[in-house]
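# Fold and contact review
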Amino acid sequence: MSVIEIKNLTKNYGKARGIIDVSLTVEQGEIFGFIGPNGAGKSTTIRTLLGLIYPTSGSARIFGKCCTTNPEVREDVGYLPSEVFYYDGMRVIDLLRYSASFYKKDCTKRINELAEIMDLDLKKRIDDLSFGNKKKVGIVQGLIHEPRLIILDEPTAGLDPLMQQRFFELIASENKKGATVFLSSHILREVQKMCERVALIKDGRIIKLEKMSELQGNNFKRIKVEGQSDLDKTIFDMPGVSKLENGGKTASFLYRGDINNIIRKLAQTELSNLSIDEPDLEEIFMHYYSKDG
Amino acid sequence: MNMVLRELKASSRALIIWSVSMFLCVLTGTIKFTAYTTATSTGPSINELLKTMPTSIKALFGFASFDMATMAGYLALLFIYVELVAAIHAALLGAGIIAKEESDKTTEYLMTKPVSRAAIVTSKLVAALLNVVVINVVTLVSFLVVIPLYSKGNDISGEVLMLTLSMFVVQLIFLSLGAVLAAWMRHPRTSGSVATGVLFTAYFVARITDMSDKLRFLNVISPFKYFDLGRMVAGNGLNTGIVLLSLALVAAFTALTYVFYQKRDLNI
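Everything numeric here is computed off the predicted structure, so don't read it as measured data. (Residues numbered from 1 in each chain as written. Chains lettered and ligands numbered in written order. Predicted model: local features only at pLDDT ≥ 70, side-chain atom pairs only at ≥ 80, totals over all residues. Heavy atoms only, no water.)

## Notes on the interface of chain A and chain B
With 25 residues of chain A at the contact, the number on the chain B side is 24 residues. Looking at the side of chain A facing chain B, the largest losses of area belong to Leu52, Tyr87 and Phe102 of chain A, adding up to 31% of the total buried there. On the surface where chain A and chain B come into contact, there are two salt bridges. Connecting chain A to chain B are 15 residue pairs in polar contact (both at pLDDT 80 or more). When residues of the side of chain A that touches chain B are assigned to their parent elements, the largest contribution, three residues, is made by helix H2 (residues 92-100) of chain A. Of the residues in the side of chain A that touches chain B, the class split is 15 nonpolar, four polar and six charged. (Contact = heavy atoms within 4.5 Å. Buried area = accessible area lost by both parts, 1.4 Å probe. Salt bridge = Lys/Arg side-chain N within 4 Å of Asp/Glu carboxyl O. Polar contact = N/O pair within 3.5 Å; in protein donor to acceptor, adjacent residues only side chain to side chain. Helix = DSSP H or I, 4+ residues; strand = E, 2+ residues; numbered from the N terminus. Nonpolar A, V, L, I, M, F, W, Y, C, P; charged D, E, K, R; others polar.)

Written out as structure tokens, the structure reads:
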């Protein structure tokens, strides 16, 4: 049984676009990345999955169950929303105790552990906290019951780099203990670091669903060349070349295809420098992203 | 249970303020009773003055059918306003408690906990009900404490009890009205204003129908007219049929609150 199973999920907001025909599955123990620009439909997908809004068509299940008909399935889900809001006039500890009261286990020890890791002052009033510290409350709040599925929506927004690192270490250790992680983000770097598989969403549709290794893998190379004299533009006029930036002696482009073909072509010119790198996800993503729009 | 406690805590400050206001409303209202009964050296008593006023004016202020010279009659008049205050409290509370998660943006927090929306609505309604009971008891106790200070003669505790009982039913109607509006409306934040709008309309209907018997059929849309205050101060108690019909209305609003709330796409 898949931990998350989303099938042909469509959500319309009146005339406005929500998400269209989204399908994906997340397996036990995976760290799954969900990537897309702001407004692509990431949060809509998550909110439908969690039962906050109803799908127009299709289905979204967690542990084989739908959150709206079986709300108890959320017992095993920890959720960190992209923006955190809490009740007025509560201290951090009050909120965490209230959160804990929804679960059937004693979370006291866990609260203290997590607060220590995330460097969170439990006695402070939530209203007085900065955005980043509120986010920390959200992180702790989402993990106190040791959920088997952790859903994170733009988790690092507002966290300083040190805290981001601690946060990812924390998520990685939860994953090692067996938790499945669904990580939604527009920051490709963090997804790249963490995730085994990734879905790219754009304008409400999934445009790519692939293993991270394949996405990054041998398909694409970032190639930079420097010629001894100005480069002849026609060299790059071949299949597999994209995102070409050519300026005088230097050129930079993405290449997808048989590496021998491009090497033969490049060998015809006198080069002073050549570098071939793995492209980062951002470049790949931009490739998919700009292809049809 | 945890959610009920949370709601009670969240509403505690407002409840104290409403309770104190209710007590002051009863106190200051009752103090004025003396002005209605005693003829002053400068002129006739207000009761005599009222006799000279046209019925429509008296109806507008609610004086129409009560004998202001007796504490019971005066009470029936004062009670119109006390009931109005309690009804506003109930309507705002019912709308607010359901709309709160969405207007305070705590939806994503609460609705991702392992609880059903029905359980959430139940907790909220239980907490709201307790608030309404407190306001009702505060009103009853205030009257029982204040009236003997200004009323000579017969004990009217029985009448006061009947009036506050009828007020409880009216409170329940407006509480459930507020709740159902908040559960139904696309933008629940505005449900409080809509609920109070409905309430004031009902109130003015109640005043207008006092002017002419021909308008009495309109009373059906005004909960303020469901119970005849005059009948109660005459010691005739509550009309059981109307109590049951009112409670049926409350039950219908409450049931719809569950239905609408469960179906809605929550605003985040």
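## Details of the domain arrangement of chain A
How big an interface is tends to be expressed through the accessible area that disappears when the partners come together. Domain annotation for chain A reports domain 1 (4-215) and domain 2 (218-277). Summarising the inter-unit geometry, the C-alpha centres of domain 1 of chain A and domain 2 of chain A are found 41 Å apart. (Domains from an automatic or database assignment.)

## A short note on the sheet that holds strand E1 (residues 4-13) of chain A
All names here are of chain A. An order of E2-E1-E4 is seen for the three strands of this open sheet, with the pairing classed as antiparallel. Either end of the sheet is taken by a strand with one partner, and the two such strands are strand E2 (16-26) and strand E4 (57-62). Along the sheet, successive strands turn relative to each other by an average axial angle of 20°, direction set aside. With five bridges connecting them, E1 and E4 associate as antiparallel partners. Pairing of Thr10 across the sheet is with Ser57, part of E4. Contacting E1, E2 and E4, helix H1 (residues 42-49) crosses the sheet at an angle of about 115° to E1. (Pairing = 2+ DSSP bridges. Axes fitted to C-alpha atoms, helices over the stretch in contact; angles between N-to-C directions.)

## What to know about the sheet that holds strand E5 (residues 77-80) of chain A
Residues and elements named next belong to chain A. Overall, mixed pairing links the six strands, which are arranged E5-E6-E7-E3-E8-E9 in an open sheet. Each having just a single partner strand, E5 and strand E9 (205-211) make up the two edges of the open sheet. Taken over all neighbouring pairs, the strand axes of this sheet differ in orientation by 15° on average, direction set aside. Sheet analysis places strand E6 (residues 149-153) next to strand E7 (residues 180-185), joined by five bridges and oriented parallel. Each bridged residue has a counterpart across the sheet, and for Ile151 the counterpart in E7 is Phe182. This element, H1, spans strand E3 (31-35), E5, E6, E7 and strand E8 (197-202) of the sheet and lies at about 145° to E6. Contacting E5 and E6, helix H4 (residues 131-143) crosses the sheet at an angle of about 170° to E5.

## Points about helix H5 (residues 71-103) of chain B
Between its first and last C-alpha, H5 of chain B extends 45 Å over 33 residues, near the 48 Å set by a 1.5 Å rise per residue. At the C-terminal side of H5 of chain B, Lys105 of chain B shows a positive phi close to 60°. (Expected span 1.5 Å × (residues − 1).)

## Section: unusual backbone geometry
Residues and elements named next belong to chain A. A positive phi is found at Glu146, a non-glycine position, where the angle reads about 45°. Tracing the sequence through the fold places Glu146 in the loop between H4 and E6. Positive phi outside glycine occurs at Lys243, with the angle close to 50°. Position of Lys243 relative to the elements: it lies in strand E11 (residues 241-247).

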